[in-house]
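Structure assessment
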Amino acid sequence: MAKRIYHLDLMFDVDQVTKALHYHIDGPKGTPFQREGRLAGTFHFNAGDEIFVTVKATAQKKDKAQFTVTDLTLASIPTLSASSSPKNFLSLFDQHRASIRVADWGIPERGEDDDDVRTEITVKALHPLVVCAPNGQWEISGYLSVLIEKRGQDGAPQQIPRLFYFDPEGSTGSGGDIEE
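Basis of the calculations
Residues numbered from 1 in each chain as written. Predicted model: local features only at pLDDT ≥ 70, side-chain atom pairs only at ≥ 80, totals over all residues. Heavy atoms only, no water. pLDDT = per-residue confidence, 0-100. Helix = DSSP H or I, 4+ residues; strand = E, 2+ residues; numbered from the N terminus. Contact = heavy atoms within 4.5 Å. Polar contact = N/O pair within 3.5 Å; in protein donor to acceptor, adjacent residues only side chain to side chain. Salt bridge = Lys/Arg side-chain N within 4 Å of Asp/Glu carboxyl O. Buried < 20%, exposed > 50% of the residue type's maximum accessible area, 1.4 Å probe, protein only. 1 Å grid on protein atoms, 1.4 Å probe; cavity = no way out; pocket = protein on both sides within 12 Å on 5 of 7 lines; lining within 4 Å. Points joined across faces, edges and corners; volume = space filled by probe spheres on them. Nonpolar A, V, L, I, M, F, W, Y, C, P; charged D, E, K, R; others polar. Patch = residues over 30% accessible without salt bridge, like charges linked within 9 Å, V, L, I, M, F, W, Y side chains within 5 Å. Areas by Shrake-Rupley, 256 points an atom, 1.4 Å probe, with all protein chains shown as cover. Core = buried A, V, L, I, M, F, W, Y, C linked by side-chain atoms within 4.5 Å. Phe/Tyr/Trp six-rings, centres within 6.5 Å; stacked < 30°, edge-to-face > 60°. Pairing = 2+ DSSP bridges.

1. As for the confidence of the model for the protein chain
- When pLDDT is averaged along the protein chain, the result is 89, and 92% of the positions lie at 70 or above.
- Mean pLDDT across the elements of the protein chain ranges from a minimum in helix 1 (residues 80-83), with 52, to a maximum in strand 1 (residues 5-13), with 97.

2. Some thoughts on the environment of T119
- Tracing the backbone shows T119 in strand 8 (residues 118-124).
- Sequence spacing of T119 and Q60 is 59 residues, and the spatial spacing of their C-alpha atoms is 6.1 Å.
- Those residues within four positions of T119 in sequence are excluded, and the remaining contacts are A57, T58, A59, K61, R110, G111 and E112.
- At 2.9 Å, the side chain of T119 forms a polar contact with the backbone oxygen of G111.

3. Examining the pattern of salt bridges
- As enumerated under the stated definition, the model contains eight salt bridges in all.
- In this structure, R118 engages D13 in a salt bridge whose closest nitrogen and oxygen atoms are separated by 2.3 Å. One end of the pair, R118, is in strand 8; the other, D13, is in strand 1, with 105 residues separating them in the sequence.
- Residue classification places R118 among the partly exposed residues on the basis of a relative accessible area of 28%.

4. Notes on empty space enclosed by the protein
- Scanning all chains against the criterion turns up one cavity of 30 Å³ or more.
- In terms of lining residues, the largest cavity is bounded by 14 residues, among which L8, I25, F93, I140 and P168 are the most central.
- For the lining of the largest cavity, the elements supplying multiple residues, two or more each, are strand 3 (43-45) and strand 12 (169-172).
- Class assignment of the residues belonging to the lining of the largest cavity gives a composition of 12 nonpolar, one polar and one charged.

5. Re a nonpolar patch on the surface
- A cluster of nonpolar side chains, namely Y143, L163 and Y165, defines an oily patch on the protein surface of about 280 Å² accessible area.
- Residue class for Y165 comes out partly exposed when judged on its relative accessible area of 40%.

6. What to know about the environment of P28
- You can see P28 is positioned in the loop between strand 2 (22-26) and strand 3.
- Sequence-wise, P28 and I5 are 23 residues apart; in three dimensions their C-alpha atoms are separated by 6.8 Å.
- Sequence-distant contacts of P28, defined by excluding residues within four places in its chain, comprise R4, I5 and Y6.

7. Considerations on the nonpolar core
- Within the largest apolar cluster, 38 residues are counted, with the highest numbers of intra-cluster contacts made by F12, F67, W105 and L144.
- When residues of this core are traced back to their parent elements, those giving at least two are strand 1, strand 3, strand 4 (50-60), strand 5 (66-78), strand 6 (99-102), strand 8, strand 10 (136-151) and strand 11 (157-166).
- Ignoring any residue separated from it by four or fewer positions in sequence, one finds F12 in contact with L21, V55, K56, A57, T58, F67, L144, V146, I148 and F164.

8. Points about the packing of aromatic side chains
- Summed over all chains, the structure comprises six aromatic pairs.
- Here F12 and F67 contribute two aromatic rings whose centre-to-centre distance is 5.4 Å and whose plane-to-plane angle is 75°, an arrangement assigned as edge-to-face. A residue pair is termed long-range when its members are at least 10 positions apart, and F12 in strand 1 and F67 in strand 5 qualify at 55 residues. Neither residue differs from the other here; F12 and F67 are each classed as buried.
- Ring plane angle 45° and centroid distance 5.4 Å describe the contact between Y23 and F166, whose orientation is recorded as tilted. Here the residue Y23 occupies a position in strand 2, and F166 occupies one in strand 11, the gap between them amounting to 143 residues.
- Judged by relative accessible area, F166 falls into the buried class, the value being 4%.

9. Digging into the environment of I160
- Topologically, I160 is positioned in strand 11.
- Residues I160 and E149 lie 11 residues apart in sequence; the distance between their C-alpha atoms is 6.4 Å.

10. Here we look at the pairing of strand 7 (residues 109-112)
- Of the strand pairs in this sheet, strand 7 and strand 8 are connected by four bridges, and their pairing is antiparallel. Across the sheet, residue G111 finds its bridge partner in strand 8, namely E120.
- Taken together, strand 7 and the strand that follows it, strand 8, pair antiparallel across an intervening segment of five residues, in which D116 is found at a positive phi of about 60°.

Given below as C-alpha cells:
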C-alpha cells in the first residue's frame, strides 16, 4: 500500500489557563479517525504513512506574542491486545522505544484575522513522523512544551514556559489481534 501523508495540527491560545491542547489530524481522504467498527475511537494509519506536525497559537495582536517549541514528545502504551503479541512494535513510530521526540522546527509564520485584533503564529516540524508499526493499537499521550513570549500588562516582555497535552489513540493494520 502506498504511503499516505497526514497533518497533525496542535493548537492553543497563549492566554489559555488550561493545559488541554486542541488537536486535529487530517489526511488525503479527511480524518483517519475511526467512528465505527473494531477500531472505533482510534486514528488509523498504515506502515509507511507520514505525519507532518504543525503547532498553531492564537493571541491578541497587541501582546506581540510569539512562541518557541521546546519539546514535543509522543509516548505510546500498547493496548492489552497489542502488547500480548511479540510481533508488534512498542510504539507506532519505533519498535523498541515507547516515546518519540520531535525536535527540529521551522521558522514561525504570522497571520492576522480580518478585524486586525488577533494573530496566529504557526510553526512546522521540519521532518515527518513515520509510522513504522505494521499492526497494533496504542494509547498515545502527547506533551508539547513551549516558551511563550509576550508583553505583560505593564508592557514589559514576559517569558512563560507552558506544557500542553493531548491524548489520542492510534492503530495500524488490523489493530493487533488479527493477523493481516
